[in-house]
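Letter by letter, the chains look like this.
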Amino acid sequence: MKMVLTGLGRLEIQTDDRDMKVSDDALVLTDVLCCAVCRTDAKMWEQGHRDLVFPRVLGHEMVVRDETGKRFMVWPGKSCGVCVFCRTGKENLCEHMKISGFHTDGGFAHKALLPKDSLIPLPDALPSPIACFAEPVGCVINAFEKLPAKTGDRVLVYGGGTMGLITALYALDLGLIPLVIEKNEPKIRKIAPFLSASGISCAKDTHESEFDLIINACADYKAFCQGIAKICKGGHLAFFSGISKNEQIETNLLNLIHYREAVVSGVYGMTRDHMQKALPFMETRAGLLELLIEDTLAPETTPAIMPKVLSGNYLKYILDFSLSNPSAPVSVKTLPSSPGLKPEDLPSQSLCRTVLESIAPVPEDLLPAATPGWMKKPNPWAPWAAWKTWPSAWP
Ligand SMILES: [Zn+2]
Ligand SMILES: [Zn+2]
């Protein structure tokens, strides 16, 4: 069984996996044990991507088992090994990178055909759902390797989602002092157990400034701008999450980077080495990482949870293939139609959500003036009367 993205918003559950043949010595056919649903998956489900060709099996945060029963986490890349980036330890920037669940089929399936080189063995004691965090943790490790962090440094993290919280937790383990900024009240309530168990501080905003390190773990460009204003002289900002497109950033803000001799470092994905380094962190912090799991579900539920993942209001959903029900009906799930879409289902920074949330009922005293003249005419819908008799024939 596999979940195949056949078009925008269309995830089909298919049972035919005859195309899963090992045609190349560099590949291995594996059983997928668990696969986390990343916001990137949900974005591709909703919006597609320039390089995404349908049909495609999504999913890149997976734990698999080979035919001998060994479990592995999966570095989701396939790099060329010969370009200048591959040869200098920056394989995440490979000129010919192919990503599982993006360029090739990924982990939203019972079986995944993966490059042998991408499999990293897992210790027996680490539960598979926790090991699904290897990719986000690896990305966080890549970010911190770009930063000259010293014990006691103050770190400002924008975004209280799983990435922001993993970032703060990793900072804590490095002896730094993290503060997470999260504006969404329901989300703050949701992450409260993690915050209290870890001792990490979270606020909607801070008047403090002069932070040594800033990391943006959300796509809001305003958070990125605020981050620049909060850097101390000689401080560093990790440009970790891509930000909302086609926004404008004031040059006055960019001048702060100049005056303060601040450093902005781009961070994109991670290497196999970063993923390997994620292991000890996941082992020692398994209990806290478990608090970042929203739910562990049968893979057949994927279409239903995509809008939730897209909204950014939930923590990590893990698909557990041992919960799969092979007799479940084969179904197609499409994007929800607009009448059922609530503002909270939309991404927090989306224009559509901003517009929906800004709509307020017309005050009673203004209602007469707000009523258009045509509504006072008799039977304004007369031209549509004939149409109203059609619905039985309407699809
Ligand atoms: Zn991901
Ligand atoms: Zn390369």
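Pairing within the open sheet is parallel, and its six strands lie in the order β12-β11-β10-β13-β14-β15. Unpaired on one side and paired on the other, β12 (201-203) and β15 (263-266) mark the two borders of the sheet. The average angle at which neighbouring strand axes cross in this sheet is 20°, direction not considered. With five bridges connecting them, strand β10 (residues 154-158) and strand β11 (residues 177-181) associate as parallel partners. Bridge pairing in β11 places Leu156 opposite Leu179.

Burial within strand β17 (residues 316-320) is extensive, with four of its five residues counted as buried. Both strand β3 (residues 27-37) and β17 contribute to a ladder of four bridges, which runs antiparallel. Residue pairing in the sheet places Ala36 in a bridge with Ile318 of β17. Strand direction decides the pairing type here: strand β16 (residues 293-297) and β17, joined by four bridges, are parallel.

Attention shifts here to helix α4 (residues 134-145). Taking 1.5 Å as the rise per residue, α4 with twelve residues should run 16 Å; its terminal C-alpha atoms sit 16 Å apart, in good agreement. α4 sits mainly inside the fold: eleven of its twelve residues count as buried. For α4, every residue scored as buried is listed here: Ala134, Glu135, Pro136, Val137, Gly138, Cys139, Val140, Ile141, Asn142, Ala143 and Phe144.

Right, let's get into unusual backbone geometry. Omega for the peptide link from Phe54 to Pro55 comes to -5°, which places this bond in the cis form. Mapped onto the elements of the fold, Pro55 is located in the loop between α1 (39-47) and β4 (61-65). In this structure, Glu210 takes a positive phi of about 60° despite not being glycine. Examined against the element boundaries, Glu210 turns out to sit in the loop between β12 and β13 (211-216). Residue classification places Glu210 among the exposed residues on the basis of 12 C-beta atoms within 10 Å. Of note, Glu261 is a non-glycine position whose phi angle comes to about 50°, a positive value. One can find Glu261 in the loop between α9 (251-259) and β15. Overall, the presence of 10 C-beta atoms within 10 Å leaves Glu261 in the exposed class.

So, about the confidence of the model for the chain. Per-residue pLDDT for the chain has a mean of 87; in total, 82% of the residues score no lower than 70. Contacts from residues 329-340, a stretch scored under 50 in pLDDT, to residues over four places away or in other chains number 14 contacts. Counting interchain partners and residues more than four positions distant, the pLDDT-below-50 stretch residues 370-395 has three contacts.

Inspection of the secondary structure puts Gly266 in strand β15. For the pair Gly266 and Ser241, spaced 25 residues apart in sequence, the C-alpha to C-alpha distance is 9.0 Å.

Rules of the game
- Residues numbered from 1 in each chain as written.
- Chains lettered and ligands numbered in written order.
- Predicted model: local features only at pLDDT ≥ 70, side-chain atom pairs only at ≥ 80, totals over all residues.
- Pairing = 2+ DSSP bridges.
- Helix = DSSP H or I, 4+ residues; strand = E, 2+ residues; numbered from the N terminus.
- Axes fitted to C-alpha atoms, helices over the stretch in contact; angles between N-to-C directions.
- Buried ≥ 20, exposed ≤ 12 C-beta atoms within 10 Å, placed from the backbone.
- Expected span 1.5 Å × (residues − 1).
- pLDDT = per-residue confidence, 0-100.
- Contact = placed C-beta atoms within 7 Å.

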